[in-house]
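Observations on the three-dimensional arrangement
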Amino acid sequence: MDSTGTEAKIIDDLQAIVARSRLDADRLKLALAAGTIVGTWFWDVPADRFTVDEPFAEAFGLDPALGRDGLSLEKIVETVHPEDRAGLIAAIEEALARGGRYAHQYRVCRTNGQYHWIEANGHVVHDEGGKPISFPGVIIDIGERRRIEAERDSARALLTNFVDAMPGVVYAKDREGRLMIGNHGTSELIGKAPEDFIGRTDLEVLEDKQQAAMVMATDQRIMASGRSEQVEEDVNFPDGRRAIWLSTKSPLRDADGAVVGLVGTSLDITERKAIEASHREIEERYRLAIGATSDVIWDWRLADGHVVWNEALATRFGHALEQTSAQWWLDHIHPEDRARIEASIHAVVDHGGTSWTDEYRFQRADGSYAFVLDRGAVLRNDDGAPVRMIGAMLDQTERKAAEAALAESEERLRLATEASDVGLWDVDIIKDVLIWPARTKGMFGISPDVPVSMRDFYAGLHPDDLDATSAAFAAASDPDQRALYDVEYRTVGKEDGIIRWVAAKGRGVFEEDRCIRVVGVAIDVTTRKADEAQLLDLNERLELRVAEEVAERTRAEDALRQSQKMEAVGQLTGGIAHDFNNMLAVVVGSLDLLTRRMGEADPRARRYVDAAMDGARRAAQLTQRLLAFSRQQPLKPEALDANKLVAGMSDLLRHTLPDIQPETVLAGGLWRTFADPNQLENVILNLAVNARDAMADGGKLTIETANCHLDVRYAAGHLGVPAGQYVMIAVSDTGSGMPEEVIAKAFDPFFTTKEVGRGTGLGLSQVYGFVKQSGGHVKIYSEVGQGTTVKVYLPRLMGAVEDVESAQTDDALPMGESQEVILVVEDEPGVRQFSVDALSELGYRVLEADGAAAALKLIDAHPEIALMFTDVVMPEINGRKLADEARQRRPDLKVLFTTGYTRNAVVHNGVLDPGVHLIGKPFTVEELATAVRLVIEEDVE
């Protein structure tokens, strides 16, 4: 058959399909009218050639020209959403296999890159042999329909989930009482699945027909009245359980407001009703227990200060009152006790306490005072706020009189420490039931959740107290005696075996000549009994107390001596540094002057002098470390390279740590920081020594440098640490490590884990102080048995550091002029002579004085003095006081201080006081020349 005949046959087949499928035709017309058909296709199956119209090509994101020429099925499928391709291919294969109508929904990508839902409808034509030869069809845009269906399904799911999630029973009924909606609770109540009760009335589905009739009658009343109601209904479950339901029912109205049914919800309130009944019973027992005791029971409502008393307030103290204010109670406390008691009870109430006990003198109605022991328990709400306080006052007057021989201080201590919480008990004689709260169970060594009976009561009594206690209880429940149950007995804990003393009081409740209940209170008086027993061995306890006091005083004296020793060591260190610096000043200055006089005349002698100068400088470095230990040296921060500093400390660390070879890991391109190099060396040395001490059996010590950035999150978790860029120096060891509690105190002054004599606890404190003073941060990372790493973070120095360093290229010595007069004040002759010689050689006219008195006379006699060069530490009057006195006479006088130990005269918190110029001992001629010119030329235009 030629192509023309084939196409004619396909057209005939299409026409036949359309004729046979009127439903499809109607649908096509509706789709065309609605504009939902977005394209048509024709697929020559044997040739795998798709020809599509332009709307189809646009829908599938294809080139319309290709669509007219023909495409393969693979090209069409490529535009389909990846998740839908497998389903589409399966649907096409299934249609090709069976022939006839084809319909499938999937997503395609349009030219705008967005995926849209379409429905493809077509018909597969088979030849006489049953093979597919053509597959024409149309595509319909179903995006809006899919959206509406999704919203509908979501709304249905939401309604279903909402109804099922609601607690209790949720339902809706029509006007005849037939159930239209019911949740899971409805199914549980009825005992049937929804398909078994939807469309049926309560009378048809409930087993209890009487209950069903009552429910339907209530429903009809509500629908007839048109008003909502809330009713309590007795409910019988299919499994035999009985419950009380609180039902809220409302008329269901249509759009015109007519009542067409009823909606309702029901909640199981069986437990709540039982709790309410239990509360009423507990209140009754509480009232009876209060009436049974002779102690004064009080109930203080903290919100308004309202206090309720039992009858014992009148019988014990003569106050015929049932209710008072808290102020009334305070006003009746002896004036000498009032402030103390008010403070002690508020200390418990206002600061989260649960129990309070104290003793004081309480005024009776006749004006006399009774000694009372008062105890109370604080009741708090779920937020921990105090709501009520309930307590009992015990009249201790008679006991006080009986124990008058006891020392007053011992008695007060015993009563103040005694804890006697009140526990309630209730015996139902008729039903043989014993009710104990948790506190009373605790007096018998029984857990709060364990049930008890009278058998537990008698079994818990000490054998020696069983008969007397049983007789007292029998007398209290005897209608003829009706005695007050007032006994003290010992208990043997059922679970813990602990022996406790209990004081119990109670009364019988009688109906005519029959005792039905005995209720009362019980108080744990174990502590009181123990105190009484302790009086028998008073001498032994006094000896023990004396020994404990002596031991405590010895420990305090040891701590004081340790503190004084450390203070003395600090002062001694600073003093040694001062004297040593004075001597070094003479040595360094003399060598410097000698070098200038010698020139290059004798190279060998010059070499000897240089060696001596080098030794003197090393000695000066030692004094700097001594001053750093005593915290008497001002910080001299400068731009420094931490890599060079760490590398330069290698010799020092090798000599300090002979048994451990430190390893350094230095970062390339390390940033500069701005810090005092001497103090930073001291920090690294301290950390290295600590690391060595932590590695008693040897280990590895690593010093590492790196560039670090502490971000905002880190800064937020470490108070006082600014976010930014830092130079990090880490000292790590593989030693014993530190637990968390030691890390928390590691920077505290005088805290150390080393044995006595091996550590002062100042090392890490100095590290912390220096780092914080330098604007940095220090952090300890440690794990017990794994080692410790201490990381020091110093702020990165921003700016052109190299330019500042290279600017100091002028080697010319700053000289003075003969008309410039300098006064040298120094009590050490050697240092004074060097200073005079050096300044004279620099071209200045020099006057000298060995102390403050001589210096002030020279200042008065020589107004031409331009600068006073004075030592700080001098006998009688120090340099700072001398400068203050001199400036009162000569306000324009310039002052340059020198010292080897400041004693905080011109330095505070490690930094020079404002406007103060200082040169440390020892110093060279060059350093002196520079410092003098700097001070003289200051503020000179």
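Structure: above.
Note on numbering: residues in each chain are counted from 1, in written sequence order. With the structure being a predicted model, the display of local features is reserved for residues of pLDDT at least 70 and the display and counting of side-chain atom pairs for 80 or more, all residues being used for whole-chain, interface and lining totals. For the side-chain quantities, the full set of heavy atoms in the structure was used; hydrogens and water were omitted.

Across its full length, the protein chain carries 34 helices and 35 strands. Within the protein chain, residue pairs in contact and separated by at least 24 positions form 57% of the contacts whose partners lie at least 6 positions apart. When the accessible surface of the protein chain is totalled, it reaches about 50,700 Å², and 53% of it is carbon and sulfur. Secondary structure follows DSSP: runs of H or I at least 4 residues long count as helices, runs of E at least 2 residues long count as strands, and numbering of each begins at the N terminus. Throughout, a contact is declared for two residues whenever any of their heavy atoms are within 4.5 Å. The method behind every accessible area is Shrake-Rupley, applied with a 1.4 Å probe, and residues are considered shielded solely by the protein chains displayed.

Moving on: the packing of helix 31 (residues 829-841) against helix 34 (residues 925-936). Helix-helix packing: each pair is described by the crossing angle between the helix axes and the interaxial distance. Axis separation between helix 31 and helix 34 bottoms out at 10 Å; the angle between their running directions is 70°. Judged on the interaxial angle alone, helix 34 and helix 31 are roughly perpendicular. The two elements helix 31 and helix 34 meet at a crossing, and its hand is right-handed. Between helix 31 and helix 34, the contacting residues are Phe834, Ala838 and Leu839 on the first element and Val925, Leu928 and Val932 on the second. Any residue that is not Ala, Val, Leu, Ile, Met, Phe, Trp, Tyr, Cys, Pro, Asp, Glu, Lys or Arg is counted as polar, Gly included; the first ten are nonpolar and the last four charged. For the contact of helix 31 with helix 34, the per-class residue count stands at six nonpolar, no polar and no charged. For every element, the axis is a line fit to its C-alpha atoms; helices are fit only across the contacting stretch, and the angle between N-to-C directions ranges from 0 to 180 degrees. Angles are sorted into four bins: roughly parallel if under 35 degrees, roughly antiparallel if over 145, roughly perpendicular if 65 to 115, and oblique for all others. Left-handed describes a crossing whose near helix is turned anticlockwise from the far helix by less than a right angle; the clockwise case is right-handed.

In this section: helix 33 (residues 879-889). Turning to helix 33, its buried residues number three or more, namely Gly879, Leu882, Ala883 and Ala886. End-on view of helix 33: buried residues confined to an arc of 100°, all on one side of the axis. Pointing more than 90 degrees away from the buried face of helix 33 are the exposed residues Lys881 and Gln888. Structurally, helix 33 contributes buried residues whose contacts are with strand 29 (821-825), helix 32 (852-861), strand 31 (865-871) and strand 32 (894-899). Where helix 33 starts, the residue carrying a side-chain oxygen 3.1 Å from the main-chain nitrogen of arginine 880 turns out to be asparagine 878. Accessible area is worked out with a 1.4 Å probe on protein chains only. A residue is then buried under 20% of its type maximum, exposed over 50%, and partly exposed in between. Read the arc as the range of directions from the helix axis to the C-beta atoms. Pairs of N or O atoms within 3.5 Å make up the polar contacts considered here, provided that, within protein, one atom can donate a hydrogen while the other can accept it, and that residues adjacent in sequence are counted only when both atoms are side-chain atoms.

Turning to the sheet that holds strand 2 (residues 49-52), a few remarks are in order. Backbone hydrogen bonds hold the strands of a sheet together, and the pairing may be parallel or antiparallel. By this definition, two strands are paired if DSSP reports at least two bridges between them. An order of 2-1-5-4-3 is seen for the five strands of this open sheet, with the pairing classed as antiparallel. Here the strands that pair on one side only, and so sit at the sheet edges, are strand 2 and strand 3 (100-109). Direction aside, the axes of adjacent strands within the sheet are offset by 25° on average. Sheet topology note: the strand 3/strand 4 (residues 115-126) ladder contains ten bridges and is antiparallel. Considered in strand 4, the bridge of alanine 103 is made with asparagine 121. Across the sheet, helix 6 (residues 82-98) is in contact with strand 1 (37-44), strand 3, strand 4 and strand 5 (132-141); its angle to strand 3 comes to roughly 165°.

For the rest of this paragraph, the subject is the packing of aromatic side chains. Note on aromatic contacts: the rings of Phe and Tyr and the six-membered ring of Trp form a pair at centre separations within 6.5 Å, being stacked when their planes are under 30 degrees apart, edge-to-face when over 60 apart, and tilted otherwise. Applying the stated criterion to the full structure yields 21 aromatic pairs. Summarising the aromatic geometry, the rings of tyrosine 102 and phenylalanine 135 are spaced 5.1 Å apart at their centres and angled 90° between planes, so their arrangement reads as edge-to-face. Taken together, the positions of tyrosine 102 in strand 3 and phenylalanine 135 in strand 5 put the pair 33 residues apart, joining distant regions of the chain. One exposure class covers both tyrosine 102 and phenylalanine 135, and it is buried. A network of ring pairs unites the aromatic residues Trp41, Trp43, Phe50, Phe56, Tyr102 and Phe135 as a single cluster. The rule is short: NZ of Lys or CZ of Arg within 6 Å of the ring centre and within 35 degrees of the ring normal puts a charge over the ring. The ring of tryptophan 501 is capped by lysine 529, whose NZ or CZ atom sits 4.4 Å from the centre of that ring. When the ring centre of tyrosine 781 is taken as origin, the NZ or CZ atom of lysine 791, which lies over that ring, is 5.2 Å away.

We now examine helix 31. The end-to-end C-alpha separation of helix 31 is 18 Å, in line with the 18 Å expected for 13 residues at 1.5 Å each. Where helix 31 terminates, the next one or two residues include glycine 843, which has phi positive at roughly 100°. Here a helix's expected span is defined as the number of its residues, less one, multiplied by 1.5 Å.

Here the focus is unusual backbone geometry. Even without being glycine, arginine 482 reaches a positive phi, approximately 45°. Classification of arginine 482 by relative accessible area gives partly exposed; the value is 38%. If you check the backbone angles, glutamate 876 has positive phi at about 70° while not being a glycine. Here glutamate 876 falls in the exposed class, since its relative accessible area comes to 85%.

Another point: the pairing of strand 32. Counting buried positions over the six residues of strand 32 gives five, a clear majority of the element. As defined by bridge partners, strand 31 adjoins strand 32 across five bridges and the pair is classed as parallel. Residue pairing across strands places threonine 870 opposite phenylalanine 897, the latter belonging to strand 32. Viewed along the sheet, the connection from strand 31 through helix 33 into strand 32 turns out right-handed. When strand 32 meets strand 35 (residues 918-920), the two strands line up parallel, connected through three bridges. Note on handedness: a crossover is taken as right-handed if, strands pointing away from the viewer, the path from the first strand over the helix to the second is clockwise.

With respect to the secondary-structure elements, leucine 179 resides in strand 7 (residues 179-182). Among the residues examined, leucine 179 registers a relative accessible area of 3% and is labelled buried. With 18 residues separating them in the primary sequence, leucine 179 and phenylalanine 197 have C-alpha atoms 6.9 Å apart. Residues in contact with leucine 179, not counting those within four places in the same chain, are Tyr171, Ala172, Lys173, Ile190, Phe197, Ile198, Gly199, Arg200 and Asp202.

Moving on to the pattern of salt bridges. A carboxyl oxygen of Asp or Glu within 4 Å of a side-chain nitrogen of Lys or Arg is what we treat as a salt bridge. Tallied over the entire structure, the rule returns 37 salt bridges. Between lysine 400 and glutamate 359 there is a salt bridge; the shortest N-O distance is 3.5 Å. Here glutamate 359 lies in strand 14 (residues 355-363) and lysine 400 lies in helix 16 (residues 397-402), a separation of 41 residues in the sequence. Under the relative-accessibility criterion, glutamate 359 is labelled buried at 11%.

Let us now look at the nonpolar core. In this description, a nonpolar core means a group of buried Ala, Val, Leu, Ile, Met, Phe, Trp, Tyr and Cys residues linked to one another through side-chain atoms lying within 4.5 Å. Leu680, Ile684, Leu687, Leu701 and Ile780 are the most contacted members of the largest nonpolar core, which totals 38 residues. If you tally residues by element for this core, the top one is helix 26 (residues 677-694), at seven residues. With near-sequence residues (within four places) excluded, leucine 687 lies in contact with Val731, Leu764, Val767, Val790 and Val792. Of all hydrophobic cores here, the second largest spans 29 residues; its members include Leu62, Ala91, Val108 and Ile118.

Examined against the element boundaries, aspartate 374 turns out to sit in strand 15 (residues 369-380). We count Lys and Arg on the positive side and Asp and Glu on the negative side, and we leave His and both chain ends out. Among buried charged residues, aspartate 374 stands out as having no salt bridge; its nearest opposite-charge side chain is arginine 375, 6.4 Å away. The residues touching aspartate 374, leaving out its near neighbours within four places in the chain, are Trp298, Trp329, Trp356, Thr357, Asp358, Tyr360, Ala392 and Met393.

Attention shifts here to the packing of helix 32 against helix 33. Close contact between helix 32 and helix 33 brings their axes to 11 Å; oriented N to C, the two are set at 20°. Between helix 32 and helix 33, the angle falls in the class roughly parallel. Two packed elements cross with a definite hand, and for helix 32 against helix 33 that hand is right-handed. Of the residues in helix 33, those in contact with Ala852, Ala855, Leu856, Ile859 and Asp860 of helix 32 are Leu882, Glu885, Ala886 and Arg889. The residue inventory of the contact of helix 32 with helix 33, partitioned by class, reads six nonpolar, no polar and three charged.

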